[in-house]
Amino acid sequence: MIQLIRGFKDILPGEVELWQKIEAVVAALFQDFGFHEIRIPIMEKTALFARSIGEHTDIVEKEMYTFPDRKGDLITLRPEATASVVRAYIQHKLYAKEAIQKFYTIGPMFRRERPQKGRYRQFYQINAEVFGVAAPQIDAQLIIMLSTLLDRLEVKNTTVHINSLGCFECRPGFKAALKEFLGECQDQLCLDCLRRMEKNPLRVLDCKVPDCKKAMEKAPVLLDYLCSPCQEHFKQVQKLLNIFKISYIINQYLVRGLDYYNRTTFEIQTSALGAQSAVAGGGRYDGLVKTLGGSDQPAIGFAIGFDRLVEIIRQNSEIQKAGPDLFIAALGETAKTKAFDWLINFNLAGLKTEMEFSQKSLKTQMKRANRIGAKQVLIIGENELARERVILRDMSTKEQIMIPISNLVEQVLAQFGLKGEN
Ligand code: ATP
Ligand code: MG
């Protein structure tokens, strides 16, 4: 049997209901905050990701699904959404009408990492991106929106981590100091960090290897190097979070894996998923729109790991696949012909209805109705046909009522508070 690709997964009925519920909560909340949905393709030219995420990041160096298409052009299954949203913002000149734009998008991402709990090769993200606002209010507003989402979904035990990465003015000074420090403690660093040290020294700060973590305890602190506008910006963000009673931790090791971030970065961490502690991450990327060929627009966004969110929520909630409202148990050809007519009428009228098409005993049909969780069963056999009335049985109370066959559809619909077409 051909099985699915390692690190990919199916989301089956029974679980998909939870995904749908989350999507509905996200859409309602994000729209209240002024976001509009945008849908972008799942493949882009490889250069888009290489240029935006950065050549020396884990994603670009070893995680992307990149293929030559049939003409030899390099294309990549998107590892994240921000680059594509920025491309769309520039390509369609969305800034020309109104520089301030807010988008959200939900969809699959692809990274070739080692599959494990909370880590897949196709996974889903919920993204929000804002263009054209430099003010710290928007940083706070995004974090408030994100933590409201987690509240509404009753996700407990999460912590907001925030940090500032500084800007193109002040970060070079920090980078230099960090490089010097790393040079002095090389013997304590893992092989990955020795490699990162040159090209992407900030990444050493969030290495998960215990020896590296230990060595980083004495590393220079980014916040000490911020220029005064960056300091002021970060102070404002904190002040606003305090006003809205969002508790947070200032985490000096939070640097995030993508090159384009600056100033405020944040992450929502959880203890519920073992090693995979990040449920969502985001931050400012003020330089990216320009880097990708657009005008100089500040920007900020975040991505929620949808799969991880589902895993946390599933641990404390039971969402069931909804059973049909009605099951029609019909016996004999004539009854089945009538029943099929009713079935389609019910389907069209918005009453979730199923029936048994093949000749099965009443007992077998009742068993199936029970198994699929039907709320009511309509029973029609030779007797009922002869008497021109059928039985409607409530599966939980076991109560039965008789319904005349003449205008049956309207009467059954009325039982469910629905109206027929007529
Ligand atoms: P991590 O440190 O866990 O690798 P990341 O920094 O690579 O996360 P981002 O690129 O910031 O992750 O993506 C945002 C969110 O997407 C993460 O916080 C996480 O919840 C989720 N995520 C990232 N990679 C995966 C994956 N391979 N499988 C499932 N979810 C993922
Ligand atoms: Mg990662």
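Residues numbered from 1 in each chain as written. Chains lettered and ligands numbered in written order. Predicted model: local features only at pLDDT ≥ 70, side-chain atom pairs only at ≥ 80, totals over all residues. Heavy atoms only, no water.

Caption draft 1: View of the layout of surface pockets. The computed volume of the second largest pocket comes to approximately 260 Å³. In the lining of the second largest pocket, the residues fall into eight nonpolar, three polar and six charged. (1 Å grid on protein atoms, 1.4 Å probe; cavity = no way out; pocket = protein on both sides within 12 Å on 5 of 7 lines; lining within 4 Å. Points joined across faces, edges and corners; volume = space filled by probe spheres on them. Nonpolar A, V, L, I, M, F, W, Y, C, P; charged D, E, K, R; others polar.)

Caption draft 2: How the structure looks around a nonpolar patch on the surface. Residues F340, I344, L348 and F357 make up a contiguous nonpolar surface patch of roughly 430 Å² in combined accessible area. Inspection of the secondary structure assignment puts I344 in helix α13 (residues 333–349). (Patch = residues over 30% accessible without salt bridge, like charges linked within 9 Å, V, L, I, M, F, W, Y side chains within 5 Å. Areas by Shrake-Rupley, 256 points an atom, 1.4 Å probe, with all protein chains shown as cover. Salt bridge = Lys/Arg side-chain N within 4 Å of Asp/Glu carboxyl O. Helix = DSSP H or I, 4+ residues; strand = E, 2+ residues; numbered from the N terminus.)

Caption draft 3: Here's a closer look at the pattern of salt bridges. According to the stated counting rule, one finds 17 salt bridges in the structure shown. Among the ionic pairs, R39 bridges to E37, the shortest N-O distance being 2.9 Å. Given the relative accessible area of 70%, R39 is considered exposed. With its nearest N and O atoms 2.8 Å apart, the salt bridge here joins R284 to D286. Residue classification places D286 among the buried residues on the basis of a relative accessible area of 17%. A network of salt bridges, in which partner residues are shared, links D58, K62 and R196. (Buried < 20%, exposed > 50% of the residue type's maximum accessible area, 1.4 Å probe, protein only.)

Caption draft 4: Layout of the pairing of strand β11 (residues 299–305). In terms of residue burial, β11 counts as a mostly covered element, since seven of its seven residues are buried. Residues A299, G301, A303 and G305 line one face of β11 and the alternating positions I300, F302 and I304 line the opposite face, and both faces are buried. One ladder, built from five bridges, connects strand β10 (residues 278–284) with β11; its direction is antiparallel. Across the sheet, G283 pairs through a bridge with G301, a residue of β11. (Pairing = 2+ DSSP bridges.)

Caption draft 5: Looking closely at the packing of helix α1 (residues 16–32) against helix α6 (residues 136–152). Contact pair α1 / α6: the axes reach a minimum separation of 10 Å and the direction vectors enclose 145°. The crossing of α1 and α6 is right-handed. Contact residues: α1 offers V25, V26, L29 and F30, while α6 offers M145, T148, L149 and R152. Classifying every residue of the contact of α1 with α6 by side-chain character gives six nonpolar, one polar and one charged. (Axes fitted to C-alpha atoms, helices over the stretch in contact; angles between N-to-C directions. Left-handed = near helix turned anticlockwise from the far one by under 90°. Contact = heavy atoms within 4.5 Å.)

Caption draft 6: Structural context of the site of ligand 1. Around ligand 1 lies a shell of 14 residues, among which R111, E113, Y120, R256 and A278 are the nearest. R119 places a polar side-chain atom, nitrogen or oxygen, 3.0 Å from an oxygen atom of ligand 1. Here an oxygen atom of ligand 1 sits 3.2 Å away from a polar atom, N or O, in the main chain of V279. Contact with the protein chains covers 88% of the free accessible surface of ligand 1, which is 580 Å². Listed by contribution, the elements that provide at least two residues to the shell around ligand 1 are β6 (122–131), β10 and β11. Of all the elements, β10 adds the most residues to the shell around ligand 1, at three residues. Here the shell around ligand 1 is built from residues that sort into six nonpolar, three polar and five charged. (Near = heavy atom within 4 Å. Polar contact = N/O pair within 3.5 Å; in protein donor to acceptor, adjacent residues only side chain to side chain.)

Treat this as a map of the structure, not an account of what it does.
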